[in-house]
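Chain residues, written in single-letter form:
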Amino acid sequence: SRNSHGDGRPYYITTAIAYPNGAPHIGHAYEYISADVLARFHRLDGYDVRFLTGTDVHGQKMQQTAEKEGIPTAELARRNSDRFQALQDRLGSSYHRFIRTSDDDHKRASEAIWQRMSDNGDIYLDKYSGWYDVRDETFYADSETSVNEAGERVATDTGHVLTWTEEETYFFRLSNYQDKLLELYESDPDFIGPDVRRNEVVSFVKGGLNDLSISRTTFDWGVPVPAHPDHVMYVWVDALTNYLTGAGFPDDEQTLRRYWPADLHIIGKDIIRFHCVYWPAFLMSAGIDLPKRVFVHGFLLNKGEKMSKSVGNVLDPDALIAEFGLDPVRYFFLREVSYGQDGSYSTDAIISRINADLANDFGNLAQRTLSMIGKYFDGALPAPGVYLDADTELLARADALLDTVRAHIEVQAIHLALEAMWSVLGETNRYISAQEPWKLAKTDLGRTGTVLYVCAEVVRIVALLSQPVMPASTAKLLDLLGVDDSGAARQFSAVTDRLAPGTTLPKPTPIFPRYEV
Ligand code: ME8
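We now turn to the structure provided with this report. (Residues numbered from 1 in each chain as written. Predicted model: local features only at pLDDT ≥ 70, side-chain atom pairs only at ≥ 80, totals over all residues. Heavy atoms only, no water.)

Attention now goes to the site of the ligand. Surveying the vicinity of the ligand reveals 24 residues, the closest of which are I17, E31, D56, G268 and D270. Within the backbone of L300, an N or O atom sits 2.9 Å from a nitrogen atom of the ligand. When the free accessible area of the ligand is taken as 660 Å², the share hidden by the protein chains comes to 93%. Mapped onto the shell around the ligand, the elements with two or more residues apiece are helix 1 (26–44), helix 7 (235–245) and strand 14 (264–268). If one sorts the elements of the shell around the ligand by residue count, helix 7 sits on top with five residues. Of the residues assigned to the shell around the ligand, the class counts are 13 nonpolar, eight polar and three charged. (Near = heavy atom within 4 Å. Polar contact = N/O pair within 3.5 Å; in protein donor to acceptor, adjacent residues only side chain to side chain. Areas by Shrake-Rupley, 256 points an atom, 1.4 Å probe, with all protein chains shown as cover. Helix = DSSP H or I, 4+ residues; strand = E, 2+ residues; numbered from the N terminus. Nonpolar A, V, L, I, M, F, W, Y, C, P; charged D, E, K, R; others polar.)

Listed below in C-alpha coordinates is the structure:
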(Lines give C-alpha, C1' and ligand atoms only; values in the text may rest on other atoms or scores of the structure.)
Protein backbone atom coordinates (compact mmCIF):
# COMPACT_ATOMS: atom_id res chain seq x y z
CA SER A 1 0.00 0.00 0.00
CA ARG A 2 0.98 3.63 -0.47
CA ASN A 3 3.91 4.74 1.61
CA SER A 4 3.94 1.50 3.56
CA HIS A 5 7.51 1.05 4.60
CA GLY A 6 7.33 -2.66 5.23
CA ASP A 7 5.34 -3.55 2.14
CA GLY A 8 4.35 -6.87 3.67
CA ARG A 9 7.94 -7.95 4.22
CA PRO A 10 8.61 -10.29 7.16
CA TYR A 11 10.02 -8.93 10.40
CA TYR A 12 10.99 -11.43 13.08
CA ILE A 13 11.67 -10.04 16.56
CA THR A 14 12.40 -11.93 19.80
CA THR A 15 12.89 -11.26 23.51
CA ALA A 16 15.19 -13.17 25.80
CA ILE A 17 13.38 -16.14 27.32
CA ALA A 18 13.34 -15.68 31.09
CA TYR A 19 14.24 -18.28 33.71
CA PRO A 20 10.96 -19.13 35.41
CA ASN A 21 12.58 -19.88 38.75
CA GLY A 22 10.68 -17.07 40.46
CA ALA A 23 8.13 -14.37 39.75
CA PRO A 24 8.72 -11.91 36.91
CA HIS A 25 9.94 -8.48 37.97
CA ILE A 26 9.90 -5.03 36.43
CA GLY A 27 13.10 -5.71 34.46
CA HIS A 28 11.30 -8.51 32.61
CA ALA A 29 8.27 -6.28 32.09
CA TYR A 30 10.52 -3.57 30.66
CA GLU A 31 12.05 -5.93 28.13
CA TYR A 32 8.59 -7.20 27.11
CA ILE A 33 7.10 -3.73 26.72
CA SER A 34 10.01 -2.46 24.66
CA ALA A 35 10.00 -5.47 22.33
CA ASP A 36 6.22 -5.21 21.98
CA VAL A 37 6.54 -1.55 21.04
CA LEU A 38 9.08 -2.40 18.33
CA ALA A 39 6.84 -5.21 17.07
CA ARG A 40 3.86 -2.87 16.92
CA PHE A 41 5.82 -0.13 15.17
CA HIS A 42 6.72 -2.54 12.42
CA ARG A 43 3.23 -4.01 12.17
CA LEU A 44 1.69 -0.55 11.81
CA ASP A 45 4.31 0.26 9.23
CA GLY A 46 3.26 -2.58 6.99
CA TYR A 47 5.58 -5.43 8.02
CA ASP A 48 4.48 -9.02 8.52
CA VAL A 49 5.67 -9.26 12.13
CA ARG A 50 6.50 -12.45 13.95
CA PHE A 51 7.13 -11.81 17.66
CA LEU A 52 8.48 -14.59 19.85
CA THR A 53 8.85 -14.63 23.62
CA GLY A 54 8.73 -17.29 26.33
CA THR A 55 10.61 -19.04 29.12
CA ASP A 56 13.89 -20.90 29.47
CA VAL A 57 12.89 -23.79 31.70
CA HIS A 58 16.03 -25.94 31.81
CA GLY A 59 19.27 -25.75 33.77
CA GLN A 60 20.72 -26.47 37.16
CA LYS A 61 19.17 -23.46 38.87
CA MET A 62 15.66 -24.57 37.96
CA GLN A 63 16.39 -28.05 39.28
CA GLN A 64 17.85 -26.67 42.53
CA THR A 65 14.94 -24.25 43.05
CA ALA A 66 12.43 -27.06 42.58
CA GLU A 67 14.32 -29.25 45.05
CA LYS A 68 14.23 -26.43 47.62
CA GLU A 69 10.49 -26.01 47.11
CA GLY A 70 10.00 -29.76 47.21
CA ILE A 71 8.12 -29.94 43.91
CA PRO A 72 8.93 -31.60 40.58
CA THR A 73 11.00 -29.35 38.33
CA ALA A 74 8.45 -29.63 35.52
CA GLU A 75 5.78 -28.34 37.89
CA LEU A 76 7.90 -25.34 38.93
CA ALA A 77 8.56 -24.61 35.26
CA ARG A 78 4.90 -24.80 34.33
CA ARG A 79 3.63 -22.76 37.26
CA ASN A 80 6.12 -19.95 36.84
CA SER A 81 6.01 -19.95 33.04
CA ASP A 82 2.29 -19.34 33.40
CA ARG A 83 3.09 -16.30 35.54
CA PHE A 84 5.43 -14.90 32.90
CA GLN A 85 2.88 -15.47 30.19
CA ALA A 86 0.17 -13.83 32.31
CA LEU A 87 2.44 -10.81 32.71
CA GLN A 88 2.88 -10.58 28.95
CA ASP A 89 -0.88 -10.63 28.57
CA ARG A 90 -1.41 -7.96 31.21
CA LEU A 91 1.16 -5.77 29.48
CA GLY A 92 -0.89 -6.02 26.30
CA SER A 93 1.98 -7.71 24.51
CA SER A 94 1.28 -8.67 20.90
CA TYR A 95 3.52 -11.78 20.89
CA HIS A 96 2.51 -14.52 18.50
CA ARG A 97 4.02 -17.40 20.45
CA PHE A 98 5.03 -17.88 24.06
CA ILE A 99 7.58 -20.66 23.73
CA ARG A 100 8.62 -22.84 26.65
CA THR A 101 11.81 -24.76 26.07
CA SER A 102 9.96 -27.87 27.26
CA ASP A 103 7.85 -27.72 24.06
CA ASP A 104 8.23 -30.78 21.81
CA ASP A 105 9.23 -28.90 18.68
CA HIS A 106 11.98 -27.18 20.66
CA LYS A 107 13.52 -30.52 21.59
CA ARG A 108 13.64 -31.38 17.89
CA ALA A 109 15.27 -28.05 17.04
CA SER A 110 17.90 -28.44 19.78
CA GLU A 111 18.77 -31.96 18.64
CA ALA A 112 19.05 -30.78 15.06
CA ILE A 113 21.41 -27.89 15.75
CA TRP A 114 23.54 -30.11 17.99
CA GLN A 115 23.74 -32.70 15.24
CA ARG A 116 24.84 -30.13 12.70
CA MET A 117 27.56 -28.72 14.94
CA SER A 118 28.71 -32.25 15.61
CA ASP A 119 28.67 -33.17 11.89
CA ASN A 120 30.81 -30.12 11.30
CA GLY A 121 33.46 -31.54 13.65
CA ASP A 122 33.00 -28.86 16.32
CA ILE A 123 31.96 -31.11 19.23
CA TYR A 124 34.28 -33.39 21.22
CA LEU A 125 34.20 -35.22 24.54
CA ASP A 126 36.59 -34.21 27.32
CA LYS A 127 36.77 -33.56 31.01
CA TYR A 128 35.68 -30.18 32.32
CA SER A 129 37.01 -28.79 35.53
CA GLY A 130 36.39 -25.21 36.44
CA TRP A 131 34.11 -22.67 38.04
CA TYR A 132 30.39 -22.51 37.40
CA ASP A 133 27.82 -19.92 38.39
CA VAL A 134 24.53 -21.74 38.88
CA ARG A 135 22.55 -18.50 39.19
CA ASP A 136 23.67 -17.22 35.77
CA GLU A 137 24.30 -20.70 34.30
CA THR A 138 27.76 -19.50 33.26
CA PHE A 139 31.21 -21.09 33.10
CA TYR A 140 34.07 -18.81 34.11
CA ALA A 141 37.76 -18.92 33.28
CA ASP A 142 40.00 -18.63 36.36
CA SER A 143 41.02 -15.16 35.26
CA GLU A 144 37.40 -13.99 35.54
CA THR A 145 37.12 -15.06 39.18
CA SER A 146 38.39 -13.71 42.49
CA VAL A 147 38.10 -14.44 46.21
CA ASN A 148 35.69 -12.38 48.33
CA GLU A 149 36.08 -11.26 51.98
CA ALA A 150 34.43 -14.46 53.17
CA GLY A 151 37.08 -16.44 51.31
CA GLU A 152 34.64 -17.69 48.67
CA ARG A 153 35.47 -17.90 44.97
CA VAL A 154 33.24 -15.43 43.11
CA ALA A 155 32.71 -14.16 39.58
CA THR A 156 34.59 -10.86 39.53
CA ASP A 157 31.87 -9.14 37.45
CA THR A 158 28.80 -10.11 39.43
CA GLY A 159 30.12 -11.18 42.84
CA HIS A 160 28.10 -14.40 42.57
CA VAL A 161 29.55 -17.31 44.53
CA LEU A 162 30.84 -20.05 42.20
CA THR A 163 30.74 -23.81 42.35
CA TRP A 164 33.71 -25.98 41.40
CA THR A 165 32.62 -28.54 38.78
CA GLU A 166 34.43 -31.54 37.46
CA GLU A 167 32.68 -33.79 35.03
CA GLU A 168 32.95 -35.39 31.64
CA THR A 169 31.29 -33.08 29.14
CA TYR A 170 31.10 -32.32 25.46
CA PHE A 171 32.96 -29.27 24.27
CA PHE A 172 32.26 -26.89 21.43
CA ARG A 173 35.34 -25.68 19.50
CA LEU A 174 34.66 -22.02 20.21
CA SER A 175 38.37 -21.31 19.88
CA ASN A 176 38.04 -21.98 16.14
CA TYR A 177 35.63 -19.08 15.76
CA GLN A 178 37.65 -16.17 17.11
CA ASP A 179 38.70 -14.86 13.69
CA LYS A 180 35.34 -15.50 12.07
CA LEU A 181 33.59 -13.61 14.87
CA LEU A 182 35.96 -10.65 14.68
CA GLU A 183 35.42 -10.58 10.94
CA LEU A 184 31.64 -10.56 11.56
CA TYR A 185 31.76 -7.58 13.96
CA GLU A 186 34.02 -5.75 11.50
CA SER A 187 32.08 -6.42 8.32
CA ASP A 188 28.63 -5.99 9.86
CA PRO A 189 28.87 -3.19 12.42
CA ASP A 190 25.07 -3.26 12.87
CA PHE A 191 25.15 -6.81 14.21
CA ILE A 192 25.37 -5.49 17.79
CA GLY A 193 23.76 -2.31 19.07
CA PRO A 194 24.28 0.06 20.72
CA ASP A 195 27.90 0.66 19.62
CA VAL A 196 29.38 0.54 23.12
CA ARG A 197 28.18 -3.03 23.42
CA ARG A 198 29.84 -4.01 20.17
CA ASN A 199 33.12 -2.57 21.40
CA GLU A 200 32.80 -4.59 24.60
CA VAL A 201 32.25 -7.79 22.65
CA VAL A 202 35.11 -7.11 20.27
CA SER A 203 37.57 -6.64 23.09
CA PHE A 204 36.34 -9.77 24.85
CA VAL A 205 36.78 -11.87 21.72
CA LYS A 206 40.17 -10.31 20.96
CA GLY A 207 41.25 -11.54 24.39
CA GLY A 208 40.98 -15.12 23.10
CA LEU A 209 38.28 -17.77 23.25
CA ASN A 210 38.41 -21.08 25.09
CA ASP A 211 36.39 -24.06 23.94
CA LEU A 212 33.04 -24.15 25.66
CA SER A 213 31.61 -26.96 27.77
CA ILE A 214 28.17 -27.64 26.25
CA SER A 215 26.80 -30.62 28.15
CA ARG A 216 26.28 -31.60 31.78
CA THR A 217 26.22 -34.99 33.46
CA THR A 218 25.69 -34.19 37.15
CA PHE A 219 21.96 -33.49 36.75
CA ASP A 220 19.35 -34.40 34.18
CA TRP A 221 16.97 -31.44 33.79
CA GLY A 222 17.57 -30.53 30.16
CA VAL A 223 17.48 -31.71 26.57
CA PRO A 224 19.31 -35.05 26.25
CA VAL A 225 22.31 -35.01 23.92
CA PRO A 226 21.49 -37.01 20.75
CA ALA A 227 22.81 -40.57 21.09
CA HIS A 228 24.28 -39.75 24.53
CA PRO A 229 21.31 -39.45 26.87
CA ASP A 230 23.56 -39.56 29.94
CA HIS A 231 24.40 -35.96 28.99
CA VAL A 232 21.97 -33.07 28.91
CA MET A 233 22.75 -30.03 26.81
CA TYR A 234 24.20 -27.01 28.61
CA VAL A 235 21.12 -24.85 29.14
CA TRP A 236 22.37 -21.99 26.95
CA VAL A 237 22.70 -24.29 23.92
CA ASP A 238 19.04 -25.18 23.98
CA ALA A 239 17.93 -21.73 25.21
CA LEU A 240 19.50 -19.85 22.30
CA THR A 241 18.04 -22.36 19.88
CA ASN A 242 14.53 -21.21 20.87
CA TYR A 243 14.85 -18.43 18.30
CA LEU A 244 15.17 -21.04 15.57
CA THR A 245 12.36 -23.18 16.97
CA GLY A 246 10.14 -20.11 16.80
CA ALA A 247 10.90 -19.81 13.08
CA GLY A 248 10.01 -23.40 12.29
CA PHE A 249 13.49 -24.97 12.44
CA PRO A 250 14.20 -27.66 11.37
CA ASP A 251 11.08 -29.13 9.76
CA ASP A 252 8.91 -26.22 8.63
CA GLU A 253 11.02 -25.04 5.72
CA GLN A 254 8.50 -22.54 4.43
CA THR A 255 8.26 -20.66 7.72
CA LEU A 256 11.99 -20.84 8.16
CA ARG A 257 12.66 -19.39 4.75
CA ARG A 258 10.25 -16.55 5.43
CA TYR A 259 11.27 -15.57 8.96
CA TRP A 260 14.86 -16.65 9.41
CA PRO A 261 17.29 -14.99 9.86
CA ALA A 262 15.65 -13.06 12.69
CA ASP A 263 15.65 -9.31 12.24
CA LEU A 264 16.17 -8.46 15.88
CA HIS A 265 17.02 -10.17 19.17
CA ILE A 266 16.21 -7.95 22.16
CA ILE A 267 18.27 -8.80 25.25
CA GLY A 268 19.54 -7.25 28.48
CA LYS A 269 23.15 -6.33 29.12
CA ASP A 270 23.98 -9.34 31.31
CA ILE A 271 23.59 -11.87 28.49
CA ILE A 272 25.63 -10.27 25.72
CA ARG A 273 28.34 -12.91 25.61
CA PHE A 274 25.80 -15.66 24.96
CA HIS A 275 24.04 -13.80 22.16
CA CYS A 276 26.95 -12.05 20.49
CA VAL A 277 29.69 -14.67 20.83
CA TYR A 278 28.30 -18.16 21.45
CA TRP A 279 25.13 -17.86 19.36
CA PRO A 280 26.75 -16.65 16.11
CA ALA A 281 29.49 -19.26 16.56
CA PHE A 282 26.92 -22.07 16.99
CA LEU A 283 25.06 -20.87 13.91
CA MET A 284 28.22 -20.58 11.81
CA SER A 285 29.12 -24.09 12.83
CA ALA A 286 25.66 -25.39 11.97
CA GLY A 287 25.69 -23.57 8.63
CA ILE A 288 22.69 -21.41 9.50
CA ASP A 289 22.35 -17.70 8.69
CA LEU A 290 23.02 -15.28 11.54
CA PRO A 291 20.38 -12.96 13.00
CA LYS A 292 20.60 -9.47 11.53
CA ARG A 293 20.93 -7.63 14.80
CA VAL A 294 21.17 -8.04 18.56
CA PHE A 295 20.07 -4.99 20.51
CA VAL A 296 21.10 -4.73 24.16
CA HIS A 297 18.94 -2.75 26.56
CA GLY A 298 20.13 -1.55 29.94
CA PHE A 299 18.99 -2.45 33.42
CA LEU A 300 16.24 -0.79 35.36
CA LEU A 301 17.34 0.56 38.68
CA ASN A 302 15.17 1.61 41.59
CA LYS A 303 16.13 5.24 42.30
CA GLY A 304 19.57 4.45 40.94
CA GLU A 305 20.01 1.27 42.99
CA LYS A 306 20.11 -2.32 41.83
CA MET A 307 16.90 -4.19 42.63
CA SER A 308 17.32 -7.12 44.95
CA LYS A 309 15.08 -9.23 47.09
CA SER A 310 17.29 -8.67 50.15
CA VAL A 311 17.14 -4.86 49.82
CA GLY A 312 13.37 -5.18 49.34
CA ASN A 313 13.20 -2.72 46.44
CA VAL A 314 11.98 -5.14 43.78
CA LEU A 315 9.05 -3.54 42.04
CA ASP A 316 6.06 -5.70 41.12
CA PRO A 317 4.87 -4.79 37.63
CA ASP A 318 1.26 -5.58 38.52
CA ALA A 319 1.29 -3.13 41.41
CA LEU A 320 2.68 -0.44 39.13
CA ILE A 321 0.01 -1.03 36.50
CA ALA A 322 -2.73 -1.06 39.13
CA GLU A 323 -1.53 2.28 40.48
CA PHE A 324 -0.83 4.20 37.28
CA GLY A 325 -2.55 2.32 34.46
CA LEU A 326 -0.97 0.29 31.69
CA ASP A 327 -0.47 2.88 28.97
CA PRO A 328 1.13 5.47 31.28
CA VAL A 329 3.52 2.80 32.60
CA ARG A 330 4.45 1.75 29.05
CA TYR A 331 4.97 5.38 28.08
CA PHE A 332 6.99 6.18 31.17
CA PHE A 333 9.60 3.46 30.72
CA LEU A 334 10.12 4.10 27.04
CA ARG A 335 10.24 7.89 27.29
CA GLU A 336 12.21 8.18 30.53
CA VAL A 337 14.88 5.56 29.84
CA SER A 338 17.17 6.00 26.84
CA TYR A 339 16.75 2.64 25.18
CA GLY A 340 20.09 0.88 25.39
CA GLN A 341 21.15 2.52 28.64
CA ASP A 342 20.41 1.83 32.28
CA GLY A 343 17.48 3.76 33.64
CA SER A 344 16.04 4.69 36.98
CA TYR A 345 12.45 4.81 38.06
CA SER A 346 10.78 6.40 41.04
CA THR A 347 7.19 7.23 41.86
CA ASP A 348 7.96 10.94 41.47
CA ALA A 349 9.39 10.46 38.00
CA ILE A 350 6.38 8.43 36.90
CA ILE A 351 3.90 10.98 38.23
CA SER A 352 5.74 13.83 36.63
CA ARG A 353 5.74 12.15 33.20
CA ILE A 354 2.03 11.35 33.54
CA ASN A 355 1.07 14.88 34.47
CA ALA A 356 3.45 16.84 32.26
CA ASP A 357 3.68 14.74 29.10
CA LEU A 358 0.39 12.88 29.02
CA ALA A 359 -2.18 15.01 30.88
CA ASN A 360 -0.81 18.43 29.88
CA ASP A 361 1.03 18.18 26.59
CA PHE A 362 -1.11 15.57 24.87
CA GLY A 363 -4.37 15.17 26.82
CA ASN A 364 -5.04 18.84 27.34
CA LEU A 365 -4.32 19.69 23.72
CA ALA A 366 -6.69 16.98 22.53
CA GLN A 367 -9.37 17.90 25.03
CA ARG A 368 -9.23 21.65 24.26
CA THR A 369 -9.34 21.02 20.53
CA LEU A 370 -12.19 18.55 20.68
CA SER A 371 -14.28 20.51 23.14
CA MET A 372 -13.96 23.71 21.08
CA ILE A 373 -15.05 21.76 18.00
CA GLY A 374 -18.03 20.63 20.07
CA LYS A 375 -18.79 24.14 21.29
CA TYR A 376 -18.27 26.22 18.15
CA PHE A 377 -19.03 23.69 15.42
CA ASP A 378 -21.70 21.49 16.97
CA GLY A 379 -19.27 18.60 17.08
CA ALA A 380 -18.69 18.51 13.31
CA LEU A 381 -15.06 18.73 12.22
CA PRO A 382 -14.66 22.18 10.59
CA ALA A 383 -13.25 22.52 7.08
CA PRO A 384 -9.94 24.41 7.03
CA GLY A 385 -9.92 27.73 5.16
CA VAL A 386 -6.84 29.28 3.61
CA TYR A 387 -3.73 28.14 5.48
CA LEU A 388 -1.39 30.77 6.89
CA ASP A 389 2.34 30.10 7.22
CA ALA A 390 1.97 29.06 10.85
CA ASP A 391 -0.55 26.39 9.84
CA THR A 392 1.46 25.04 6.92
CA GLU A 393 4.65 24.91 8.97
CA LEU A 394 3.04 23.05 11.82
CA LEU A 395 1.36 20.54 9.52
CA ALA A 396 4.66 19.98 7.72
CA ARG A 397 6.39 19.33 11.05
CA ALA A 398 3.71 16.79 11.96
CA ASP A 399 3.89 15.06 8.57
CA ALA A 400 7.68 14.85 8.82
CA LEU A 401 7.32 12.83 12.04
CA LEU A 402 6.73 9.67 10.05
CA ASP A 403 10.22 9.67 8.55
CA THR A 404 11.81 10.83 11.79
CA VAL A 405 10.11 8.10 13.78
CA ARG A 406 11.06 5.45 11.22
CA ALA A 407 14.68 6.50 11.32
CA HIS A 408 14.81 6.30 15.12
CA ILE A 409 12.99 2.97 15.28
CA GLU A 410 15.35 1.51 12.70
CA VAL A 411 18.10 1.84 15.32
CA GLN A 412 15.82 1.09 18.28
CA ALA A 413 15.98 4.68 19.60
CA ILE A 414 12.43 4.47 20.96
CA HIS A 415 12.98 7.35 23.38
CA LEU A 416 14.04 9.64 20.51
CA ALA A 417 10.97 8.70 18.49
CA LEU A 418 8.82 9.77 21.44
CA GLU A 419 10.86 12.88 22.03
CA ALA A 420 10.30 13.95 18.41
CA MET A 421 6.53 13.46 18.76
CA TRP A 422 6.40 15.42 22.01
CA SER A 423 8.39 18.22 20.52
CA VAL A 424 5.70 18.62 17.85
CA LEU A 425 3.05 18.53 20.60
CA GLY A 426 4.94 21.31 22.39
CA GLU A 427 4.94 23.37 19.24
CA THR A 428 1.22 22.77 18.78
CA ASN A 429 0.53 23.93 22.32
CA ARG A 430 2.43 27.14 21.58
CA TYR A 431 0.49 27.48 18.34
CA ILE A 432 -2.90 27.16 20.00
CA SER A 433 -1.90 29.66 22.70
CA ALA A 434 -0.72 32.12 20.05
CA GLN A 435 -3.75 31.66 17.78
CA GLU A 436 -6.25 31.86 20.66
CA PRO A 437 -9.15 30.11 18.85
CA TRP A 438 -11.42 30.78 21.86
CA LYS A 439 -11.06 34.52 21.14
CA LEU A 440 -11.17 34.11 17.36
CA ALA A 441 -14.53 32.34 17.73
CA LYS A 442 -16.14 35.66 18.62
CA THR A 443 -14.97 37.42 15.45
CA ASP A 444 -13.84 34.94 12.81
CA LEU A 445 -15.40 31.50 12.90
CA GLY A 446 -13.71 30.53 9.62
CA ARG A 447 -10.23 31.13 11.03
CA THR A 448 -11.23 29.37 14.27
CA GLY A 449 -12.14 26.32 12.21
CA THR A 450 -8.81 26.34 10.41
CA VAL A 451 -6.84 26.50 13.67
CA LEU A 452 -8.88 23.72 15.28
CA TYR A 453 -8.57 21.59 12.18
CA VAL A 454 -4.77 21.96 12.23
CA CYS A 455 -4.69 21.02 15.92
CA ALA A 456 -6.92 18.01 15.33
CA GLU A 457 -4.61 16.88 12.52
CA VAL A 458 -1.51 17.06 14.72
CA VAL A 459 -3.30 15.17 17.47
CA ARG A 460 -4.31 12.53 14.93
CA ILE A 461 -0.76 12.13 13.62
CA VAL A 462 0.82 11.88 17.07
CA ALA A 463 -1.92 9.48 18.17
CA LEU A 464 -1.26 7.32 15.08
CA LEU A 465 2.47 7.21 15.66
CA SER A 466 2.26 6.63 19.41
CA GLN A 467 -0.14 3.67 19.06
CA PRO A 468 2.69 1.17 19.63
CA VAL A 469 3.45 2.70 23.01
CA MET A 470 -0.09 3.36 24.25
CA PRO A 471 -2.39 1.11 22.24
CA ALA A 472 -5.57 1.50 24.31
CA SER A 473 -5.48 5.26 24.92
CA THR A 474 -4.60 6.12 21.33
CA ALA A 475 -7.39 3.85 20.05
CA LYS A 476 -9.86 5.89 22.13
CA LEU A 477 -8.36 9.14 20.98
CA LEU A 478 -8.55 8.13 17.31
CA ASP A 479 -12.19 7.19 17.91
CA LEU A 480 -12.83 10.69 19.27
CA LEU A 481 -11.27 12.13 16.11
CA GLY A 482 -13.59 10.04 13.97
CA VAL A 483 -10.74 8.03 12.45
CA ASP A 484 -12.03 4.82 10.92
CA ASP A 485 -10.92 1.84 12.99
CA SER A 486 -10.98 -0.68 10.16
CA GLY A 487 -7.20 -0.77 9.81
CA ALA A 488 -5.88 1.22 6.85
CA ALA A 489 -6.69 4.58 8.43
CA ARG A 490 -4.74 3.60 11.51
CA GLN A 491 -1.64 2.34 9.71
CA PHE A 492 1.39 4.63 9.51
CA SER A 493 0.80 4.96 5.78
CA ALA A 494 -2.26 7.07 6.68
CA VAL A 495 -0.17 9.82 8.29
CA THR A 496 -0.41 12.03 5.21
CA ASP A 497 -4.14 11.45 4.80
CA ARG A 498 -6.25 14.23 6.24
CA LEU A 499 -9.28 14.17 8.52
CA ALA A 500 -12.52 14.54 6.59
CA PRO A 501 -14.19 17.92 7.33
CA GLY A 502 -17.82 17.60 8.28
CA THR A 503 -17.35 14.34 10.16
CA THR A 504 -19.49 14.33 13.28
CA LEU A 505 -17.32 13.60 16.28
CA PRO A 506 -18.45 11.85 19.44
CA LYS A 507 -18.68 13.84 22.65
CA PRO A 508 -15.08 14.11 23.92
CA THR A 509 -13.98 12.51 27.19
CA PRO A 510 -10.52 13.06 28.70
CA ILE A 511 -8.03 10.40 27.59
CA PHE A 512 -5.05 11.16 29.83
CA PRO A 513 -6.24 12.10 33.32
CA ARG A 514 -3.89 13.80 35.76
CA TYR A 515 -2.51 11.64 38.56
CA GLU A 516 -3.57 13.18 41.85
CA VAL A 517 -1.50 12.12 44.85
O1 ME8 B 1 19.01 -14.44 31.30
N2 ME8 B 1 16.42 -4.56 34.07
O3 ME8 B 1 16.89 -15.10 31.90
P4 ME8 B 1 16.57 -13.98 33.03
C5 ME8 B 1 16.25 -4.85 32.77
N6 ME8 B 1 17.14 -17.33 30.59
N7 ME8 B 1 16.32 -6.08 32.27
C8 ME8 B 1 16.58 -7.09 33.11
C9 ME8 B 1 16.76 -6.88 34.49
C10 ME8 B 1 16.66 -5.53 34.97
N11 ME8 B 1 16.80 -5.19 36.25
N12 ME8 B 1 16.98 -8.08 35.06
C13 ME8 B 1 16.94 -9.01 34.07
C14 ME8 B 1 18.07 -15.21 31.23
N15 ME8 B 1 16.70 -8.41 32.89
C16 ME8 B 1 18.11 -16.34 30.26
C17 ME8 B 1 17.91 -15.80 28.85
S18 ME8 B 1 17.75 -16.08 26.18
C19 ME8 B 1 18.06 -17.31 25.06
C20 ME8 B 1 17.96 -16.82 27.76
C21 ME8 B 1 16.60 -9.05 31.56
O22 ME8 B 1 15.21 -14.33 33.52
C23 ME8 B 1 17.83 -9.87 31.22
O24 ME8 B 1 18.87 -9.04 30.78
O25 ME8 B 1 17.67 -13.90 33.99
C26 ME8 B 1 17.29 -10.77 30.13
O27 ME8 B 1 17.32 -10.13 28.86
C28 ME8 B 1 15.84 -11.01 30.57
O29 ME8 B 1 15.56 -10.01 31.54
C30 ME8 B 1 15.64 -12.41 31.16
O31 ME8 B 1 16.53 -12.60 32.23
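Once that is clear, we can look at the nonpolar core. Counting residues in hydrophobic clusters, the biggest one holds 97 residues, and the most contacted among them are I13, F333, F362, M421, W422 and L465. Ranked by residue count, the leading element in this core is helix 16 (residues 445–465), at 13 residues. (Core = buried A, V, L, I, M, F, W, Y, C linked by side-chain atoms within 4.5 Å. Buried < 20%, exposed > 50% of the residue type's maximum accessible area, 1.4 Å probe, protein only.)

The next point concerns the sheet that holds strand 10 (residues 212–213). Taking strand neighbours across the sheet as the criterion, the four strands line up as 5-4-8-10 in an open arrangement whose pairing is antiparallel. In the strand order of this sheet, the two ends are held by strand 5 (138–140) and strand 10, each with one partner. Taken together, the two bridges between strand 8 (residues 163–172) and strand 10 define a ladder with antiparallel strand orientation. Paired with F171 across the strands is S213, a residue of strand 10. (Pairing = 2+ DSSP bridges.)

Judged by pairing direction, the sheet is antiparallel, and its three strands sit side by side in the order 11-13-12 without closing on themselves. The sheet is open, and its two borders are formed by strand 11 (215–216) and strand 12 (224–225), each paired with just one other strand. Strand direction decides the pairing type here: strand 11 and strand 13 (residues 228–233), joined by two bridges, are antiparallel. Bridge pairing links S215 to M233 in strand 13.

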